[in-house]
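Chain and residue survey
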Amino acid sequence: MMKLRTALAISALLSAMIALPAMAAPDVYVVNFRNDGEPASKMLDDALSAAIKIAGVEAEEVIVDTTTAAKWERSAHDAFNRNLVPVFNRWVGLPGFAAIVDADTKAVIGCVTPRIAPTEMARALRQMAQTAQGQAVMTRASTSSATECPADYNTPLVE
């Protein structure tokens, strides 16, 4: 009798797990480079949070925080777990912007800074997510400078 109850409980649990909707994989990673000592980081945090909600895209924010050694280490692990180490290495230590990365190819599509309004940031995120999905996107020439990434902050080691 005990074995039957256990088997039924396990069966019910497995059925419930299968019935749960799977979380959608992100189209893009939004890699937020930040540091508490930089005013631009706080401005970006607020604008980015609003922009991701407004954009209505499948985006996962990954925070690269260099405020403390512990946050830096956590950020390195998060980047590693998402296969974003080259992006992490390229700009770690340069706070105040976010790199938008194609979740499949891990290519950097563009960047956003707090210099643009959350609605403009949302529009740019939506276009970058469409690009990641392989959709053609019409852009206005005036917005291209708003999504340019900063120059590489770190130089790769040469062996």
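These lines cover the structure that appears in this document, whether it is placed above or below. Keep in mind that this is a model prediction, so the values were computed, not measured.

1. A look at the pairing of strand 4 (residues 108–112)
The pairing of strand 3 (residues 97–102) with strand 4 spans 4 bridges and is classified as antiparallel. For I100, the partnering residue across the bridge sits in strand 4 and is G110. What sits between strand 3 and strand 4 in their antiparallel hairpin is a turn of 5 residues, with K106 showing a positive phi close to 65°.

2. Things to note about the state of the cysteines
Here the structure, examined in full by the defined rule, presents 1 disulfide. Disulfide pairing is shown between C111 and C149; the S-S distance is 2.0 Å. Measuring the twist about the S-S bond at about 95°, one finds the C111-C149 disulfide to be right-handed. Of the two residues, C111 sits in strand 4 while C149 sits in the segment after helix 5 (118–132), which places them 38 residues apart along the sequence. In this structure C111 comes out as buried when scored by relative accessible area, which is 0%. Judged by relative accessible area, C149 falls into the partly exposed class, the value being 27%.

3. With respect to unusual backbone geometry
We note that N83 has phi near 60°; this positive angle belongs to a residue other than glycine. With respect to the element layout, N83 can be found in the loop between helix 3 (69–81) and helix 4 (85–91). Overall, the relative accessible area of 52% leaves N83 in the exposed class. Phi at K106 takes a positive value of approximately 65°, unusual for a residue other than glycine. Within the secondary structure, K106 is located in the loop between strand 3 and strand 4.

Definitions and cut-offs
Residues numbered from 1 in each chain as written. Predicted model: local features only at pLDDT ≥ 70, side-chain atom pairs only at ≥ 80, totals over all residues. Heavy atoms only, no water. Pairing = 2+ DSSP bridges. Helix = DSSP H or I, 4+ residues; strand = E, 2+ residues; numbered from the N terminus. Disulfide = S-S within 2.5 Å. Buried < 20%, exposed > 50% of the residue type's maximum accessible area, 1.4 Å probe, protein only.

Just distances and angles here, no functional claims.
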